[in-house]
Amino acid sequence: MTEFAVEAENLGKRYLLGPSRELGGAIKSLARRALGRASESDARREFWALRDVSFQLERGEVLGIVGRNGAGKSTLLKILSRVTAPTTGVARMRGRVGSLLEVGSGFHPDLSGRENVYLNGVTMGLTRAQIASHFDEIVAFAEVESFIDTPVKHYSSGMYMRLAFSVAAHLVADVMILDEVLAVGDASFQRKCLGRMDGLTSEGRTAILVSHSMAAIRRHCSRAMWLDGGEIRAFGATEEVISAYLDTPSRLETSREVSYPLRTEAAMQVTAARLLPGAAVDHDLTEPLTFEIDLETRRPVPGAYVGLAIRDPSETIRYWTADIDSERFHNPVAGRQRLTVTCPPRLLTPGRYTAHFAVIAMGRPEPVFAMQERFIGFGVEDRGSFLASYGLLYPGMTAQESHWGAEPAPGDMQEPARTAHG
Amino acid sequence: MPSAVVESRSDEVVEIRPNKGFVSLRLGEFWAYRDLLREMIARDMLARYKQSFLGKAWVIVQPLTLMTLYYFIFGVILELKTGVVPFPVFLLGGVLIWQLVAASATNISYSMVSNAHLMNKVYFPRLLIPVSQSVAAVVDFAFGLLVLAGFMAVARVALPPQALLAPLFVVYAIVTGMALGLWLAPLNVKYRDIGQAVPLVLQVFMYASPVFYSPTLVPEQWRSLYYLNPGAGIIQGFRWSLMGDVPPEPIAWVCPLLVAALFLSGLYFFRSREAELVDDL
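A brief structural summary. Residue positions are counted from 1 within each chain, in the order its sequence is given. Written order decides the labels, with chains lettered from A and ligands numbered from 1. The model is predicted, so local features are restricted to residues of pLDDT at least 70 and side-chain atom pairs to those at 80 or more, both for listing and for counting; the totals for chains, interfaces and linings are taken over all residues. Side-chain measures here rest on the full set of heavy atoms in the structure, leaving out hydrogens and waters.

## What to know about the nonpolar core
Here is step 1 of the chain: Among buried residues, the Ala, Val, Leu, Ile, Met, Phe, Trp, Tyr and Cys ones that are joined through side-chain atoms within 4.5 Å form a nonpolar core. Relative accessibility thresholds used throughout: buried, under 20% of the residue-type maximum; exposed, over 50%; partly exposed, between the two (1.4 Å probe, protein chains only). With 102 residues, the main nonpolar core has F55(A), I65(A), L76(A), L80(A) and F124(B) as its most contacted residues.
Here is step 2 of the chain: The element best represented in this core is helix α5 (residues 157-169) of chain A, accounting for 7 residues.
Here is step 3 of the chain: Membership of the second largest hydrophobic core comes to 50 residues, among which are M67(B), F205(B), M206(B) and Y226(B). Comment: elements are numbered from the N terminus, with helices defined as DSSP H or I runs of at least four residues and strands as E runs of at least two.

Structure below.
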């Protein structure tokens, strides 16, 4: 038998959703408990972000983890990378673990690129000597040679990400833990990430990868795990797990609020979304498609936009829109806001769709990247078009109307011009 | 793609378990992370003075300003007497050693919250953060000491033989600051009002310590009680050893034991909380 690289037994993580963060409240509740007069509000609500997760990975295996937000993916990665301790169970990791839960997370804006390379490198577990011997290579790979002694806050977002990724690309541990790192940056940056991942997998490294991109999971992972509500819903061959996961969009409601603690590190996050008017019947394609989105902003981030993507069951994006140029985009404020987005009618043809929400800000040293994937689902029906009146289904990708014109062909003088819609 | 990547192969199995029962201090792990400690200290020192007009001069501007301020209030206006040591030298000594305690206690208490972004993303022994904060405070103190030496030379204050003991009082100050910080830092994560209380408590502590007045001004019958404040022993002990001021009362020697107990319990408290700190950040 090959020896394991990662072994998890009954891992569980409980969060207490506490009544208050104030010392006074805590003392009062302690006192009441001591007097045997515990009140309702003293009982802290429990939330199991992860429950009974057991699995084993052999050396050289690449595991992909899929699941909706709040399914426990990030919690599992945080436990395996020792950022937080589990509440139950035990995990064993053989060899050095390198985790990359966010590209460039350790960067300090006031320090120069050079200083940050060292800081970031040692944070990820490299030694100073290792970084020094690869320093030129790291800088060359990032293509920032002439700016290496400039504080990184003056970097463009592209330079920042390239430098951060370049440091990360030189970190190779026995077990790599990667959270959604393949999803940031422009196309050429993503190609670099993918290329690096290919390198890793061909070297026979063990890796655990969380991604919302099914293409990335399919490409890199030998096995996959589907987490749902903190528990393993499926574990096995990548293709089987992914199809099981993708086959469930119909379970999604047209309205949803997050039921799990928000990621505290996210400056902005979509907390709820619903399709209006929220009817039990499917959306009529001839009506405008209106979504209501609740956005929570802890810290206003200039340049952060809320994006909405509508995907079909094959995960193809059929429509995408963002609130760039909205009032909120130009004057971001802290607090809760309700955004409304009305997409034009006849955008989609009948079928089932999922709506995905994200907050993205790429023009900043630290990108905000809060995803709500497969957040709500809805059906589109045709009740009002002329095809529906003949009992026919709209074919194709969109039901947009076109303008058809007809006029007598040159040389034919029989009838006046006519136009029609269809 | 990078042609060569940093290699590291090991067969060591790390066990990740719930943080329950008796925790080991795992001080050995510290050695493995020495490079990170060094970078953290460098980051704290570099980032603090970058883009500030006076730059590194801030290290000495602050104690000098306080010294001047106290000199005018207590020396010129209130006409306090200090005995053997000239008042400016007396004040600067008090301000410097007090700031060593207060700065490390304050900075450590806030350090978990200010390093939340790092702690949320990577593992490292969390104790590195308080240690780096403490080292930064010591470096500031060392610069202040150079200025103090200059003042002592100008005022012709000679080093007494007990000056050999001065490092002991510096260590005592460092340990006191860390002991307070180690207790306050995890509490500040859980209860954010601790952060509000820290400056106030330290201010009370400062007035109860002989920073700008001589402990001989404290009435005789209160003086034993007065020296039960570790701050009194640290400051006066430092002055006695370095500039030959009146020595602390013998009762002050109880305090190092209390501080040592606070420090050790603080270490264990911090370690027992560290694995779950991020859950509240």
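We are not done yet, so read on.
## Looking at the interface of chain A and chain B
Here is step 1 of the chain: Any two residues having at least one pair of non-hydrogen atoms within 4.5 Å are treated as being in contact. Facing the 63 residues of chain A at the interface are 51 residues of chain B.
Here is step 2 of the chain: Summed over both sides, the interface between chain A and chain B buries roughly 5200 Å², with carbon and sulfur atoms accounting for 53% of that surface.
Here is step 3 of the chain: Take a side-chain nitrogen of Lys or Arg and a carboxyl oxygen of Asp or Glu: if they are within 4 Å of each other, that pair is a salt bridge. In this structure, the connection of chain A to chain B is made through 3 salt bridges.
Here is step 4 of the chain: Contacts described as polar in this section are N or O atom pairs within 3.5 Å, which, within protein, must combine one atom able to donate a hydrogen with one able to accept it, while residues neighboring in sequence count only if both atoms come from side chains. Our count for the contact surface shared by chain A and chain B stands at 11 residue pairs in polar contact (both at pLDDT 80 or more).
Here is step 5 of the chain: At the level of elements, β1 (4-17), α1 (23-34), α2 (73-80), β4 (88-94), α3 (113-123), α4 (128-142) and α6 (187-202) of chain A are the ones that each hand at least two residues to the side of chain A that touches chain B. When two components associate, each loses some accessible surface as probed by a 1.4 Å sphere; the sum of these losses over both components is called the buried area.

## Looking at helix α2 (residues 34-49) of chain B
Here is step 1 of the chain: How far a helix is expected to stretch is found by multiplying one less than its residue total by 1.5 Å. Taking 1.5 Å as the rise per residue, α2(B) with 16 residues should run 22 Å; its terminal C-alpha atoms sit 23 Å apart, in good agreement.
Here is step 2 of the chain: Packing partners of the buried residues in α2(B) comprise α3 and α4 of chain A together with α1 (28-32), α3 (58-77), α5 (116-119) and α6 (128-154) of chain B.

## Brief notes about the packing of aromatic side chains
Residue and element names in this part refer to chain B.
Here is step 1 of the chain: Between rings of Phe, Tyr and Trp, where Trp is taken as its six-membered ring, a pair exists when centres lie within 6.5 Å; planes separated by under 30 degrees are stacked, by over 60 edge-to-face, and by other angles tilted. One pass over the structure, following the stated rule, counts 24 aromatic pairs over all chains.
Here is step 2 of the chain: Ring geometry for F74 and F212: centres 4.2 Å apart, planes at 5 degrees, overall stacked. Of this pair, F74 sits in helix α3 while F212 is found in the loop between α8 (193-207) and α9 (220-226), placing the two residues 138 residues apart along the sequence. Comparing F74 with F212 shows no difference in burial state: the two are buried.
Here is step 3 of the chain: Taken together, Y70, F74, Y207, F212, Y213, Y226 and Y227 form an aromatic cluster joined through their ring pairs.
Here is step 4 of the chain: The ring of F124 carries the charged tip of R126 above its face, separated from the ring centre by 4.8 Å. Our definition puts a charge over a ring when NZ of Lys or CZ of Arg is within 6 Å of the ring centre and also within 35 degrees of the ring normal.

## As for the sheet that holds strand β13 (residues 289-297) of chain A
Residues and elements named next belong to chain A.
Here is step 1 of the chain: Across the sheet, which stays open at both edges, the 4 strands sit in the order β10-β11-β13-β16 with antiparallel pairing between neighbours. This sheet does not close on itself; its edge strands, each paired only once, are β10 (255-257) and β16 (335-343). Sheet twist, expressed as the average angle between the axes of neighbouring strands with direction ignored, equals 20 degrees.
Here is step 2 of the chain: Pairing between strands is defined by DSSP: at least two bridges between them are needed. Bridging between β13 and β16 involves 9 bridges; their strand directions are antiparallel. If you follow I293 over to β16, its bridge partner there is L339. In this analysis an axis means a line fitted to C-alpha atoms, helices contributing only their contacting stretch, and an angle means the value between N-to-C directions, from 0 to 180 degrees.

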